[in-house]
Amino acid sequence: MRFTDQTRYALRVLTYCAERHPNLVQVSAIAADTHLTEYTIYKLLKIATKEGIVASTRGRGGGIRLARDPHEITVGSVIRMFEPRFRECAPASLMRAQDARASDAEVRLDSALGAGIRAVLDTYDAITLIDLAGGEAHAGGDRDAKETGPSA
């Protein structure tokens, strides 16, 4: 299963915000620390803001922040936001249920593939932005030298 660069970038930006939650962060700082262009970040923020996951404050001293608690935002929800093919990912067995020409073997194959996709998404739904951030939000971005991968 492959994801677009856009999804990977979105997870990097949102994790950056989770590490500093609830503080505002400036797009220029995100760009400098993640090595993404501001243009790319603004494209991602358009989607994330529309989905209600990011809030922005304009003007001097403005910036962006997560609109929800980073403990509640899962990797699976971000994937669905940025990967349209997973938004309404039903088990594959339902995709051919309408096709009268599908053989029993095709239906079983689709069911098996659907179960695999569901298992992968269930795994991503168990990982939050806080897990990606290393376990806790650090206001102001002060980080301990801790493991930064998802917790087991």
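If you're wondering where the values come from, they're calculated on a predicted model, not measured in any experiment. (Residues numbered from 1 in each chain as written. Predicted model: local features only at pLDDT ≥ 70, side-chain atom pairs only at ≥ 80, totals over all residues. Heavy atoms only, no water.)

**Some words on the nonpolar core**
- Membership of the largest hydrophobic core comes to 30 residues, with the highest contact counts inside it found for Ile30, Ile41, Ile53, Val54, Leu66 and Val78.
- Taken together, the elements giving at least two residues each to this core come down to helix 1 (5-20), helix 2 (27-34), helix 3 (38-50), strand 2 (63-66) and helix 4 (75-82).
- Here the element with the most residues in this core is helix 1; it accounts for 7 residues.
- Setting aside chain neighbours within four positions, we find Ile30 in contact with Val13, Tyr16, Cys17, Val25, His35, Ile41 and Ile64. (Core = buried A, V, L, I, M, F, W, Y, C linked by side-chain atoms within 4.5 Å. Buried < 20%, exposed > 50% of the residue type's maximum accessible area, 1.4 Å probe, protein only. Helix = DSSP H or I, 4+ residues; strand = E, 2+ residues; numbered from the N terminus. Contact = heavy atoms within 4.5 Å.)

**Quick notes on the packing of helix 4 against helix 5 (residues 104-125)**
- One way to put it is that helix 4 packs onto helix 5 with a least axis distance of 6 Å and a crossing angle of 120°. Comparing the axis directions of helix 4 and helix 5 gives the class oblique. Counted together, Val75, Gly76, Ser77, Ile79 and Arg80 of helix 4 and Arg118, Leu121, Tyr124 and Asp125 of helix 5 form the full contact between these two elements.
- Its residues assigned to classes, the contact of helix 4 with helix 5 comprises 4 nonpolar, 2 polar and 3 charged. (Axes fitted to C-alpha atoms, helices over the stretch in contact; angles between N-to-C directions. Parallel < 35°, antiparallel > 145°, perpendicular 65-115°, else oblique. Nonpolar A, V, L, I, M, F, W, Y, C, P; charged D, E, K, R; others polar.)

**What to know about the pattern of salt bridges**
- Evaluation of the coordinates by the stated rule reveals 4 salt bridges.
- Each of Arg80, Arg118, Asp122 and Asp125 takes part in a single network of salt bridges with overlapping partners. (Salt bridge = Lys/Arg side-chain N within 4 Å of Asp/Glu carboxyl O.)

**Some remarks on the confidence of the model for the protein**
- When the pLDDT values of the protein are averaged, the result is 82; 78% of them are 70 or greater.
- Averaged pLDDT values over the elements of the protein bottom out at 83 in helix 5 and peak at 97 in helix 1.
- Across residues 140-152, confidence stays below pLDDT 50; counting only partners more than four residues off in sequence or on other chains, it has 21 contacts. (pLDDT = per-residue confidence, 0-100.)

**Some details on the side chain of Thr15**
- Mapped onto the elements of the fold, Thr15 is located in helix 1.
- With near-sequence residues (within four places) excluded, Thr15 lies in contact with Leu129, Leu132 and Ala133.

**Regarding helix 1**
- Taking 1.5 Å per residue as the helical rise, helix 1 with its 16 residues ought to reach 22 Å, and the 23 Å between its terminal C-alpha atoms agrees with that figure.
- Among all positions of helix 1, only Thr7, Ala10, Leu11, Val13, Leu14, Thr15, Tyr16, Cys17, Ala18, Glu19 and Arg20 are buried.
- Those residues of helix 1 that are buried are in contact with helix 2, helix 3, strand 1 (54-57), strand 2, helix 4 and helix 6 (129-132). (Expected span 1.5 Å × (residues − 1).)

**Things to note about the pairing of strand 2**
- Pairing analysis gives 4 bridges linking strand 1 to strand 2, with the strands arranged antiparallel. Each bridged residue has a counterpart across the sheet, and for Ser56 the counterpart in strand 2 is Ile64.
- With antiparallel pairing between neighbouring strands as the criterion, strand 1 and strand 2 make up a hairpin whose turn holds 5 residues, including Gly59 at a positive phi of roughly 90°. (Pairing = 2+ DSSP bridges.)

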